[in-house]
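The residues making up each chain are set out below.
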Amino acid sequence: MAQSALIVIDMINTYDHDDAARLIPSVQESLPAVTGLLHRARELDVAVIYVNDNFGQWRSHHGEILETALKGPHADLVRPVAPDDASLFVVKARHSAFYETPLGYLLTQQGVDHVVLCGQVTEQCVLYSALDAHIRHLRVTVARDAVAHIHPDLAEAALRMMERNMGARISPAEDVRF
């Protein structure tokens, strides 16, 4: 039987990078939609998979990544979206959630054929993850209000590309069907 999974991209973040000042307002705006998706997915027993950058810390694991983010000055952006005990976690080092990670294998093992993407950054990691999901023949939904951007114009272009070129369904988080 086909399954959906909610993929939460790079929301466990210290916001200690060059574009953080431009990104944070968009994260703040998208946070209610992300937390709403998390709540609905957990309520429906949909797999929740966090795919997160390792920030170049090659000896780190998901617990350390979360702990570091929660100790940072922007813990208020991390705490509401923190993984629960049922969440799965994949560490990545590049933009795509799939590139040299076990995510594809994990989705196959879970029987997932539909991914719902939320998180950051729309015009970077979300876009590349959507493309990699598409080329793996997964159905893709992107919750428009649950993705954060650095550059609004590029984010809009990225959403249009995902919809037009990848057949992704772009919708408000409240309309996402798992």
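Calculation rules
- Residues numbered from 1 in each chain as written.
- Predicted model: local features only at pLDDT ≥ 70, side-chain atom pairs only at ≥ 80, totals over all residues.
- Heavy atoms only, no water.
- Helix = DSSP H or I, 4+ residues; strand = E, 2+ residues; numbered from the N terminus.
- Buried < 20%, exposed > 50% of the residue type's maximum accessible area, 1.4 Å probe, protein only.
- Contact = heavy atoms within 4.5 Å.
- Areas by Shrake-Rupley, 256 points an atom, 1.4 Å probe, with all protein chains shown as cover.
- Lys, Arg positive; Asp, Glu negative; His and termini not counted.
- Charge placed at Lys NZ, Arg CZ, Asp CG, Glu CD.
- Pairing = 2+ DSSP bridges.
- Axes fitted to C-alpha atoms, helices over the stretch in contact; angles between N-to-C directions.
- 1 Å grid on protein atoms, 1.4 Å probe; cavity = no way out; pocket = protein on both sides within 12 Å on 5 of 7 lines; lining within 4 Å.
- Points joined across faces, edges and corners; volume = space filled by probe spheres on them.
- Nonpolar A, V, L, I, M, F, W, Y, C, P; charged D, E, K, R; others polar.

1. A look at the overall build of the protein
Argument step 1. Scanning the protein for helices and strands turns up six helices and six strands.
Argument step 2. Secondary structure of the protein in N-to-C order comes out as β-α-β-α-α-β-α-β-α-β-α-β.
Argument step 3. Dimensions of the protein, computed from C-alpha atoms along their principal axes, come out at roughly 40 × 35 × 30 Å.
Argument step 4. Within the protein, the fraction of its 178 residues that count as buried is 49%.
Argument step 5. The long-range share in the protein, meaning contacts at least 24 apart out of those at least 6 apart in sequence, stands at 80%.
Argument step 6. Counting only carbon and sulfur atoms, one obtains 50% of the accessible surface of the protein, whose full area is about 9,100 Å².
Argument step 7. Put simply, the protein has 15 plus and 23 minus side-chain charges, and the middle of one group is 4 Å from the middle of the other.

2. Regarding the sheet that holds strand 3 (residues 88–92)
Argument step 1. Spatially, the six strands line up as an open sheet ordered 3-2-1-4-5-6, and their pairing is parallel. Every interior strand has two partners, whereas the edge strands, strand 3 and strand 6 (169–171), have only one. Across the sheet, the axes of successive neighbouring strands diverge by a mean angle of 25 degrees, strand direction being ignored.
Argument step 2. Taken together, the three bridges between strand 5 (residues 139–148) and strand 6 define a ladder with parallel strand orientation. Residue V142 lies in a different strand from strand 6, and its bridge partner there is I170.
Argument step 3. Against the sheet, helix 2 (residues 62–71) engages strand 2 (47–53) and strand 3, with an angle of about 85 degrees to strand 3.
Argument step 4. Taken strand by strand, helix 5 (residues 122–135) contacts strand 1 (3–9), strand 3, strand 4 (112–120) and strand 5, and its axis lies near 175 degrees from that of strand 4.

3. A closer look at the layout of surface pockets
Argument step 1. By volume, the largest pocket is sized at about 370 Å³.
Argument step 2. Lining the largest pocket are 19 residues; nearest its centre among them are D10, H17, D53, Q124 and C125.
Argument step 3. The residue makeup of the lining of the largest pocket, split by class, is six nonpolar, six polar and seven charged.
Argument step 4. Taken as a whole, the second largest pocket spans an internal volume of roughly 200 Å³.
Argument step 5. Surrounding the second largest pocket, S26, E29, S30, T122, R144, D145, V147, H149, P152, A155, E156 and L159 form its lining.
Argument step 6. At the level of secondary structure, the elements contributing two or more residues to the lining of the second largest pocket comprise helix 1 (20–43), strand 5 and helix 6 (152–166).
Argument step 7. When residues of the lining of the second largest pocket are assigned to their parent elements, the largest contribution, four residues, is made by helix 6.

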